[in-house]
Amino acid sequence: MLHAPAGNLKHPFVVPGAVYAHHLWDWDCYFAVQALLQMVQLKDRDGTLKAGEKELYIRHAQGSVLNFLDAQLEDGYIPIMLFADSDADSRVLYRNGSPVNMHKPCLALNAVMISQAIDDYSWLHERYDQFRSYYECYKAVYQSESKLFVWADDVMIGVDNDPATFGRPHYSSANLFLNAFMVKELGALAELSRALGYEDQASYYSAEAEALGTLIQEECWDCREEIYYSVDVNCKTYRANPRVSGYHMGLGVTWKSVPIKIQSWASFIPMWAGIPNPSQAHALVTKHMFNPETFMSKYGVRSLARHEKMYSVAATGNPSNWLGPIWMVVQYILFDALMQYGYREEAARLTAQALHLLGDDIAKHGDLHEYYDPDNGEGIINKGFLNWNLLVLNMICRLEEDSG
């Protein structure tokens, strides 16, 4: 997972595992670094941390952030993925005006997490304006009239084939993943600003986070089904030609969005961002997350509710399959959400399921896979994948710390 500087990547960097060598990915890197930092704490506690090992991990973590910042364009755009051996990434298409997505809202989250681990933000001081222009690019290019953020297209959206975005029109899908992550990212931007002495900017980002969280509540919460949905913001009034007909000239479209009623694990990400009130969180957990008819399986929470017509556990890469298989990053984010809202017993259950799943994989195959069949626990694709599978260590440690 740790790679020395190579080609276009001038700093050390972190990759998801052997199957993705020489590719630096945005949210993969964030969660991989989170797992690596936990490993440092565990080894330090157990007395097995080798000399220079923490510094090695930190160099690669910081280098990953710096590589992305090095790739930033003049208007703040940063690509989702960088190649060590090629510069043919999404910047080429972006410069040509094509609809492409940018680095997911986890750049500041990663930078702040690393800085807190070493109690030092100084390595980011000269880079601060790049974080500001990165967010302003998001606002300029990816914020819809509704003020929710949208994906430009369906390429490299993290949850690759999420039906709420996959195959849908450009700039129309205000996906819960993107918007809930942005709430978290704005919180990190506020923290980064405070740490570097920019109090006015910290207040700005905090206000932006609060406003976006309120908007998610207003536009994405379904009060009848008690769950969040991604929404379509391509809502416009199309008038008839008055010279041809006087019809369809009255009240126009007054709503900002239309719900895309597909229940996926993204429906729970607002909980990770701290958006729902306690009553809403209770409904999400008891009515949906742990419902065996929809999300819950023997091995954890499915990435898509099994009653959706798109549900599939087929082996596919590029795009990877998020239409039902078990992904460890899903289990971790939901674990974190459950702990935030006081559902420790349920969080412990997810942890036990994750341990069972990964332990069986190692016992049978001597390795880990990228994602898993929720019915039989078999690895589906990409043997040799590490990355956020390592987050099970974070889950274990969080439970231990919580129990004292």
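Residues numbered from 1 in each chain as written. Predicted model: local features only at pLDDT ≥ 70, side-chain atom pairs only at ≥ 80, totals over all residues. Heavy atoms only, no water.

**Examining the sheet that holds strand 9 (residues 258-259)**
Heads up, the condition is: Whether two strands pair depends on DSSP finding at least two bridges between them. Every helix listed is a DSSP run of H or I at least four residues long, and every strand listed is a run of E at least two residues long, numbered separately from the N terminus.
Taken in spatial order, the 3 strands make up an open sheet running 5-8-9, and their pairing is antiparallel. Edge positions in the open sheet fall to strand 5 (173-174) and strand 9, since each of these has one partner strand only. Examined bridge by bridge, strand 8 (residues 231-232) and strand 9 share 2 bridges and lie antiparallel to one another. Pairing of Asp232 across the sheet is with Val258, part of strand 9.

**Observations concerning the layout of surface pockets**
Here is the rule: Buriedness of a pocket was judged along seven lines, with at least five required to meet protein on both sides within 12 Å; pockets are open sets of points on a 1 Å grid over the protein atoms alone, cavities are sets where a 1.4 Å probe fits but cannot get out, and lining residues have an atom within 4 Å of a point. Grid points are joined across faces, edges and corners, and a volume is the space filled by probe spheres set on the points. For this scheme, ten residues count as nonpolar: Ala, Val, Leu, Ile, Met, Phe, Trp, Tyr, Cys and Pro. Four count as charged, namely Asp, Glu, Lys and Arg, and the remainder, Gly too, count as polar.
By volume, the largest pocket amounts to about 550 Å³. As for the largest pocket, its lining consists of 22 residues, and the residues nearest its centre are Tyr30, Gln34, Met113, Gln116 and Tyr332. At the level of secondary structure, the elements contributing two or more residues to the lining of the largest pocket comprise helix 1 (26-46), helix 4 (107-118), helix 6 (176-195), helix 10 (328-340) and helix 12 (391-403). No other element matches helix 1, which puts 6 residues into the lining of the largest pocket. For the lining of the largest pocket, the residue count by class is 12 nonpolar, 6 polar and 4 charged. Here the second largest pocket is characterised by a volume of approximately 460 Å³. Together, 22 residues line the second largest pocket, and Trp25, Met156, Asp160, Asn318 and Ser320 are the ones closest to its centre. No other element matches helix 1, which puts 3 residues into the lining of the second largest pocket. Along the lines of polarity and charge, the residues of the lining of the second largest pocket split into 11 nonpolar, 5 polar and 6 charged.

**Here's the deal with the side chain of Ser146**
Worth spelling out the cut-off: Only protein chains enter the accessibility calculation, which uses a 1.4 Å probe; a residue is then buried when its area is under 20% of its type maximum, exposed when over 50%, and partly exposed in between. Polar contact criterion, stated in full: a pair of N or O atoms within 3.5 Å, where within protein one must be able to donate a hydrogen and the other to accept it, and residues adjacent in sequence count only if both atoms are side-chain atoms.
Checked against the element boundaries, Ser146 lands in the loop between helix 5 (128-142) and strand 5. In this structure Ser146 comes out as buried when scored by relative accessible area, which is 6%. A polar contact is formed between the side chain of Ser146 and the side chain of Ser144, at a distance of 2.6 Å. There is a polar contact of 3.1 Å between the side chain of Ser146 and the backbone nitrogen of Leu148.

**Concerning the packing of helix 6 against helix 7 (residues 199-220)**
So the rule is basically this: Simply put, an axis is a line fit to the C-alpha atoms, just over the touching stretch for a helix, and the angle between two N-to-C directions goes from 0 to 180 degrees. Orientation categories follow fixed angle ranges, with anything under 35 degrees roughly parallel, anything over 145 roughly antiparallel, 65 to 115 roughly perpendicular, and all other angles oblique. In this scheme the handedness of a crossing depends on how the near helix is turned from the far one: anticlockwise by less than a right angle means left-handed, clockwise means right-handed. Contact criterion: two residues are considered in contact whenever any of their non-hydrogen atoms come within 4.5 Å of each other.
With their axes 7 Å apart at the nearest point, helix 6 and helix 7 run at an angle of 160 degrees to one another. Here helix 6 is positioned roughly antiparallel relative to helix 7, judged by the angle of their axes. Note that helix 6 runs across helix 7; the crossing there is left-handed. In this structure, helix 6 uses Leu176, Asn179, Ala180, Met182, Val183, Leu186, Gly187, Leu189, Ala190, Ser193 and Arg194 to contact helix 7, whose residues at the interface are Glu199, Gln201, Ala202, Tyr205, Ser206, Glu208, Ala209, Leu212, Gly213, Ile216 and Cys220. Of the residues in the contact of helix 6 with helix 7, the class split is 13 nonpolar, 6 polar and 3 charged.

**Side note on the nonpolar core**
We apply this condition: Put simply, buried Ala, Val, Leu, Ile, Met, Phe, Trp, Tyr and Cys residues joined by side-chain atoms within 4.5 Å make one nonpolar core.
Core analysis: the biggest nonpolar cluster contains 136 residues, and Trp27, Phe31, Phe131, Trp265 and Trp388 have the highest contact counts within it. At 12 residues, helix 6 tops the list of elements feeding residues into this core. If sequence neighbours within four positions are ignored, Phe131 has contacts with Val65, Leu69, Leu107, Ala108, Ala111, Leu124, Leu189 and Leu192. By size, the runner-up hydrophobic cluster in this structure holds 5 residues, among which are Ala164, Ile260, Leu304 and Leu323.

**Digging into the packing of helix 1 against helix 12**
In contact at an axis separation of 8 Å, helix 1 and helix 12 are set at 55 degrees when each is read in the N-to-C sense. Between helix 1 and helix 12, the angle is such that the two are oblique. Here helix 1 and helix 12 pass one another in a crossing that is left-handed. Each of Phe31, Gln34, Ala35, Gln38, Met39, Gln41, Leu42 and Arg45 in helix 1 lies in contact with helix 12, whose residues at this interface are Leu391, Leu393, Asn394, Cys397, Glu400 and Glu401. The class makeup of the residues in the contact of helix 1 with helix 12 is 7 nonpolar, 4 polar and 3 charged.

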